Amino acid sequence: MQDRYDCAIVGAGIVGLAHALAASRAGLRTLVLEREARAVGASIRNFGFVTVTGQEAGDCWRRARRARDIWAALAPQAGIEILQRGLVFAARRPEALACLEEFAAGPMGEGCRMLSAREAAAAGALRPDLAGALHSPHELRVESRDAVPRLAAWLEAQGVAFRRLTAVTGVEPGRLHSTAGTVAADRIIVCPGTDLRTLFPQSFTRRGVTLCKLHMLRVAAPGVALPGAVMSDLGLMRYLGYRDCPSLPRLAARLRAEQGAELADGIHLIAVQGADGSLVVGDSHHYSDSPDPFQPGAVDDLILRELSAVLDLPRPEVLERWVGVYPSGPDTAFFESPMPGVMLVSVTSGTGASTAFGLAEDVFAAWESMA
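For the chain, the name recorded in an unreviewed UniProt entry is TIGR03364 family FAD-dependent oxidoreductase, with Paracraurococcus ruber as its organism. UniProt, in the comment section headed Sequence similarities (unreviewed entry), describes the chain in these words: "Belongs to the DadA oxidoreductase family." Recorded in UniProt for the chain, the comment headed Cofactor (unreviewed entry) runs: "FAD".

Below, the structure is given as structure tokens:
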């Protein structure tokens, strides 16, 4: 392994790869170190859904819009297929429809439009008994389990060096120590994903970061094309971009009365479609410092029940089931410099695919301002 680099990045998940892209574009000789042989964590166990609409106002929304643009420009270069564009946010209840109308009328609703129940159903696959829907043109979707390895391979072809099956055990200014030896680097960026204990654990403790486990499923092709990614009422409770909608408290009260079990398991619906027509569906949220590896069927059943309440799909056939784990904290993401020449970066909201490219640009901009 070459002894010195301009920039060394710990972690080859989507956050680490986003920083490798930013470093490469800055003309830095860059090395990425990854403990696994390939991406196996949250970066591939997700929807591949680059979500803009509904992200928290401010940095998160801005980063999502920037990341969406980078994905769109990068995908054809890296051989990554964009499988879907846009979002249809289905409203099952009048209170949810009112929230979506309020959001669409605000500054973050620019470009979005409301659909009647008939228009939503005519778009394809959605049930005709919905209250209506919001359509956003801003989203795109890739298949993460394919896109992340392709992105890494493309970066390697651009000159970024990778050292896999290599765990980083310690960091100091200008130097990191790994199971493959010591590397010197002018800049070190630590993107540890779910490893909150090996490098700078005090930062995660101080920021109140824990881990979140989620359930996801792949469902057999329904025989129709979705009009884009699909979400529903429960998502209004989880996405912070909707929290200022005046109608949200009324929706929350109704959801507590009618779908208390779903709220208790942190369930909201996202359904996206693959090239083979199958749907990736989820998800749920359970928090722990050490999440268990089990996937209770009752939680999956609640997710599938919500899917059938939105799509005309009464008996979805499950092809795959899996859990994902990501760091979760009070901020959507953070970066800090725990020592000179070192930056610790973490997305703590499950929005890595949606925001990491924008976040990486912010990290490099902050680094330049510190120089």
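## A look at the overall build of the chain
Summing up its helical and strand segments, the chain has 11 helices and 17 strands in all. Over its C-alpha trace the chain gives a radius of gyration of 21 Å, about what one expects of a compact globule, namely 21 Å for 371 residues. Summarising its shape, the C-alpha atoms of the chain cover approximately 65 × 40 × 40 Å along the three principal directions. Scored against the burial criterion, the 371 residues of the chain give a buried share of 56%. Contacts in the chain between residues far apart in sequence, at least 24 positions, make up 76% of those at least 6 positions apart.

## Quick notes on the nonpolar core
In terms of nonpolar packing, the biggest core is built from 60 residues, with Leu236, Leu307 and Leu311 touching the most fellow members. Discounting residues that sit within four places of it in the chain, Leu236 has contacts with Phe89, Ala96, Cys99, Leu100, Tyr242, Leu248 and Leu251.

## Quick notes on the environment of Ser328
Counting through the fold element by element, Ser328 comes out in strand E16 (residues 318-339). Distance in space between the C-alpha atoms of Ser328 and Ala220 is 31 Å, their sequence separation being 108 residues. Setting aside chain neighbours within four positions, we find Ser328 in contact with Gly208, Val209, Thr210, Leu211, Cys212, Tyr287 and Thr348.

## A few points about the packing of aromatic side chains
Applying the stated criterion across every chain, the model contains five aromatic pairs. Geometrically, the ring pair formed by Phe204 and Phe334 is edge-to-face, given 5.8 Å between the ring centres and 70° between the ring planes. Highlighted residues: Phe204 in helix H6 (residues 201-206) and Phe334 in strand E16, separated in sequence by 130 residues. A single burial state applies to Phe204 and to Phe334, both of which are buried. Aromatic pair Phe364 and Trp367: ring centres 6.4 Å apart, planes at 45°, arrangement tilted.

## Considering the UniProt feature "domain: FAD dependent oxidoreductase" (unreviewed entry) in the chain
What UniProt calls "domain: FAD dependent oxidoreductase" (unreviewed entry) maps, in this numbering, to residues 6-362. Between the first and last C-alpha atoms of residues 6-362 the distance is 18 Å; the span itself is 32% helix and 30% strand.

## Some thoughts on the state of the cysteines
Going through the model one piece at a time under the given rule, you end up with zero disulfides. Looking at Cys60, it has no disulfide partner, and the nearest cysteine sulfur is the one in Cys212, 15 Å off. Classification of Cys60 as buried rests on a relative accessible area of 5%. Unpaired in terms of disulfides, Cys245 finds its nearest cysteine sulfur in Cys99, a separation of 5.0 Å.

## As for the pairing of strand E17 (residues 342-349)
Counting buried residues along E17, seven of its eight residues qualify, which places the element largely inside the surrounding structure. The sheet contact formed by strand E10 (residues 181-190) and E17 spans three bridges and is parallel. Within E17, the residue paired with Ile188 across the bridge is Val342. Note that E16 and E17 share six bridges and pair antiparallel. Note that in E17 the partner of Glu336 across the bridge is Leu344.

## Remarks on the side chain of Asp265
You can see Asp265 is positioned in the loop between helix H9 (260-264) and strand E13 (270-273). Buried and without a salt bridge, Asp265 has Arg305 as its closest oppositely charged side chain, separated by 9.0 Å. When near neighbours in sequence (up to four residues on either side) are disregarded, Asp265 contacts Ser284, His285, His286, Val299 and Leu302.

## Points about the pattern of salt bridges
Going through the model one piece at a time under the given rule, you end up with 27 salt bridges. Across the salt bridge formed by Asp292 and Lys213, the nearest N and O atoms sit 2.7 Å from each other. With Asp292 in the loop between strand E15 (286-288) and helix H10 (297-310) and Lys213 in strand E11 (residues 210-219), this residue pair connects regions lying 79 residues apart in the sequence. The class for Asp292 is partly exposed, based on a relative accessible area of 39%. Judged by relative accessible area, Lys213 falls into the buried class, the value being 5%. Across the pair Glu262 and Arg305 runs a salt bridge, and its minimum N-O distance is 2.7 Å. Of the two residues, Glu262 sits in helix H9 while Arg305 sits in helix H10, which places them 43 residues apart along the sequence. Through salt bridges with shared partners, a single network forms among Arg93, Glu95, Asp233, Arg254 and Glu258.

Quick notes on the rules
- Residue positions are given per chain, counted from 1 along the sequence in the order it is written.
- The model is predicted, so local features are restricted to residues of pLDDT at least 70 and side-chain atom pairs to those at 80 or more, both for listing and for counting; the totals for chains, interfaces and linings are taken over all residues.
- Calculated side-chain values reflect all of the structure's heavy atoms, with hydrogen atoms and water omitted.
- UniProt positions are given in the numbering used here, feature names are shortened, and annotations may be inferred rather than shown by experiment.
- Secondary structure follows DSSP: runs of H or I at least 4 residues long count as helices, runs of E at least 2 residues long count as strands, and numbering of each begins at the N terminus.
- Put simply, the radius of gyration uses C-alpha atoms, and a globule should come to 2.2 Å times the residue count raised to 0.38.
- Type-normalised accessible area, obtained with a 1.4 Å probe on protein chains alone, sets the label of each residue: buried when under 20%, exposed when over 50%, and partly exposed for intermediate values.
- Working rule for contacts: check all heavy atoms of both residues, and any pair within 4.5 Å makes them a contact.
- We define a nonpolar core as any set of buried Ala, Val, Leu, Ile, Met, Phe, Trp, Tyr and Cys residues linked to one another through side-chain atoms lying within 4.5 Å.
- To pair, rings of Phe, Tyr and Trp, with the six-membered ring standing in for Trp, must have centres within 6.5 Å; the planes then decide the type, stacked if under 30 degrees apart, edge-to-face if over 60, and tilted in the middle.
- Here, the term disulfide refers to a pair of cysteine sulfur atoms separated by no more than 2.5 Å.
- Two strands pair if DSSP finds at least two bridges between them.
- Charged residues are defined here as Lys and Arg on the positive side and Asp and Glu on the negative side; His and the ends of the chain fall outside this count.
- By definition, a salt bridge exists where a carboxyl oxygen of Asp or Glu is found within 4 Å of a side-chain nitrogen of Lys or Arg.

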